[in-house]
Amino acid sequence: MRILFSSRIRESEMRPIFWDIRRAGQSRNPLLTRCARAWYLFLAGVMVFMTASPQPLWAQSAPRSSISRLIAQNQLDDAEKQLWSILSQQPDQGWALDLMAEIRMRQERTSEAEALLRRALTLDPKDVQAYRKLGDLYRLLGNSPQAIEAYSHVVAIAPSDVAANVELAVLYQEASQYKESIAAARQVPAASRPPRILPVLAADYFATGEAAKVPPLIPSLLRHANSEPEVLRDFVTVLLRNGYVEDAAHLMDNVRPAKPSADYLHTLARVRAAERKPQEALALLSQALKMQPKSFELLYEAAGLAVQQNHLEEMIGLLRRADGVQPNRPEVLQKLSLALLKIGRRAGAVAAARRLNSIQPNNPDNEYVLAFTLIESDLPEQAEPIARKLAAARPDDANSQLLLGIAEFKIGDTAGAKHDLQRCLSIDPHLADAHYYLALMARREGNIDAARGELEEVVRTNPEHASAEAELGTLYLQTGNLEQARAVLEQAVKVAPAVSQYHYHLALTYSRLGLQEPARTEMDTYNRLRQTEDEEHKRERSVAQPPGPSQQP
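Student: I'd like to hear about the packing of aromatic side chains, residue by residue, with values.
Tutor: Under the definition given, this model contains 5 aromatic pairs. Ring geometry for Tyr 504 and Tyr 526: centres 5.0 Å apart, planes at 50°, overall tilted. In this pair, Tyr 504 is assigned in helix H29 (residues 500-512) and Tyr 526 in helix H30 (residues 516-544), connecting sequence segments 22 residues apart. Taking relative accessible area as the criterion, Tyr 504 reaches 28% and is therefore assigned partly exposed. Residue classification places Tyr 526 among the buried residues on the basis of a relative accessible area of 14%. Three or more aromatic residues joined by ring pairs make a cluster, and in this case those are Phe 409, Tyr 436 and Tyr 437.

In structure tokens:
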């Protein structure tokens, strides 16, 4: 049989073989004669195939393997040159089109990759590799329905294809089609299932009310817990998401290595956070970060835990590090902008919000963050056109109408502000900030009763609204209700201790009540905070001011 795969055999070398078979065919032994005839016909067919076929299978497989190897090694230019050489002579070579599409996918030229794969499928509607690569392409593009369709074609042609069934299980689970996900996973024999399918099946079983089927998955998980840390993390996350916190903690104890890795510490931190032990969780993430200081996930999750502890400075530091590892991630810039704003670093907050909008222009959520940051940074003139655009685009969104109303109030457009704030309350009657700004307008107009009514409603329903408490306290102070003023101002200082003006008004209240020592303490706090605020404002103005002629490089 070796002759079938030899590239060196010649017709002259075949003649003795045919001659021997011919003589055997003239034998008087019937069995020998039949065998000889069968061999004769077989070899004749081989000769026809070898002389008629323009490119035998062995001639196709060699360049295909070579080019595939080049692509795997990311030597895309060399691979492309070889493919163009083949396709220029044989433009209908499906395997070459498939490989060229893979190159285009790696180059992020997705529309070209899709066109190449569609061309390959017109030549061969059962081209499994073309469908598989289409599935990969659509999955990368986030187009789940088309990815599912492509992988489904693979499974229709090759029902036992492990990779395609696994991808289908994952995609169906992400699309909340849990029964279809289970069906796809069951197409893969249990012994052949890759570890990554275990958390997918667990999530499916919880979603379909079959939690009893989750424990039998754990023995397989335990075998791969140390070699596949991401699978362990995903499985534990599924348990936590479904309220099985104790089971997740027990599982982590069972797989604890002698020397915990960063991945193990990361997963354990999630368990501790779910157990409402944020300090322990943050400490675990800090340990993990010493091992992997440039892990975006660790930095981002640690920032989330830091803000839960109200450690805003630590959160900002972690977010800046995350931004250094993976620059311009929208979720990082959004949180960074709001955190900087909360601690009074308004210039930094605006800079982060502007960068957010530059990388994702015309994104309404980002524009909202920018407009809000500009308003809080006393730049309402810049915020107003952005807020107006948002309100027009989202006429039924109470927060967008609120933002516009605040911007109008701050630029002095009282009529416009009142109209838009009232419209906001017609959409959501309980929006505290709308009541708060209507109260400010009523007070400016001298309508103290209306202002007090609005503010009392805000404080009653939102005891953490420091601005409303402080405003109500000053109103009580103005009208001589000193004990009421003291109560709400003490709450304002408790909620927002870094705002100097709250301490000032509380000091005045204590003084009028004859409480001189507390009044002195509050006034000292006011002076200290005021000095810090003034220094921060000077720093921001110096950053915002362009250099003069003498400062130019």
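Student: Pulling in residues and values, what's your account of the nonpolar core?
Tutor: Core analysis: the largest hydrophobic core is formed by 100 residues, its most contacted members being Ile 67, Leu 83, Leu 232, Phe 235, Val 236 and Leu 251. Not counting the four nearest positions on each side in its chain, Phe 235 is found in contact with Leu 198, Pro 199, Ala 202, Val 214, Leu 217, Ile 218, Leu 221 and Leu 251. Grouped together as the second largest cluster of nonpolar side chains are 56 residues, Leu 404, Ala 407, Phe 409 and Leu 475 included.

Student: Which residues make up the side chain of Glu 522, and what values go with them?
Tutor: Examined against the element boundaries, Glu 522 turns out to sit in helix H30. Buried within the structure, Glu 522 lacks any salt-bridge partner; Arg 528 is the closest side chain of opposite charge, at an N-O distance of 8.5 Å. Polar side-chain contacts of Glu 522 include one of 2.7 Å to the side chain of His 503.

Student: Outline helix H4 (residues 76-89), listing residues and values.
Tutor: Between its first and last C-alpha, H4 extends 20 Å over 14 residues, near the 20 Å set by a 1.5 Å rise per residue. For H4, the complete set of buried residues consists of Leu 76, Ala 79, Glu 80, Leu 83, Ile 86 and Leu 87. An end-on view of H4 places all buried positions within 130° of arc, on one side of the element. Exposed and facing more than 90 degrees away from the buried side of H4 are Asp 77, Lys 81, Ser 88 and Gln 89.

Cut-offs and rules
Each chain carries its own residue numbering, running from 1 in the written order of its sequence. Thresholds applied to this predicted model are a pLDDT of at least 70 for local features of residues and 80 or more for the giving and counting of side-chain atom pairs; totals over whole chains, interfaces and linings are not thresholded and use all residues. To get the side-chain values, all heavy atoms of the structure are used, and hydrogens and water are removed first. Stacked, tilted and edge-to-face are the three classes applied to pairs of Phe, Tyr and Trp rings, where Trp contributes its six-membered ring and a pair requires centres within 6.5 Å; stacked means planes under 30 degrees apart, edge-to-face means over 60, and tilted covers the rest. Only DSSP runs of H or I covering at least 4 residues are called helices, and only runs of E covering at least 2 are called strands; the numbering of each starts at the N terminus. Three exposure classes are used, based on accessible area relative to the maximum for each residue type with a 1.4 Å probe and protein chains only: buried under 20%, partly exposed in between, and exposed over 50%. Buried residues of nine kinds, namely Ala, Val, Leu, Ile, Met, Phe, Trp, Tyr and Cys, make up a nonpolar core once their side-chain atoms join them within 4.5 Å. Whether two residues are in contact is decided by their heavy atoms, any of which lying within 4.5 Å being enough. Residues counted as positive are Lys and Arg, residues counted as negative are Asp and Glu, and His and the chain ends are not counted. Salt bridge, as applied in this entry: a Lys or Arg side-chain nitrogen positioned within 4 Å of an Asp or Glu carboxyl oxygen. Polar contacts, as counted here, are pairs of nitrogen or oxygen atoms within 3.5 Å of one another; within protein the pair requires one atom able to donate a hydrogen and one able to accept it, and residues that are adjacent in sequence qualify only if both atoms are side-chain atoms. In a helix, the anticipated span is given by 1.5 Å times the number of residues less one. Note that the arc is defined by the directions from the helix axis to the C-beta atoms.

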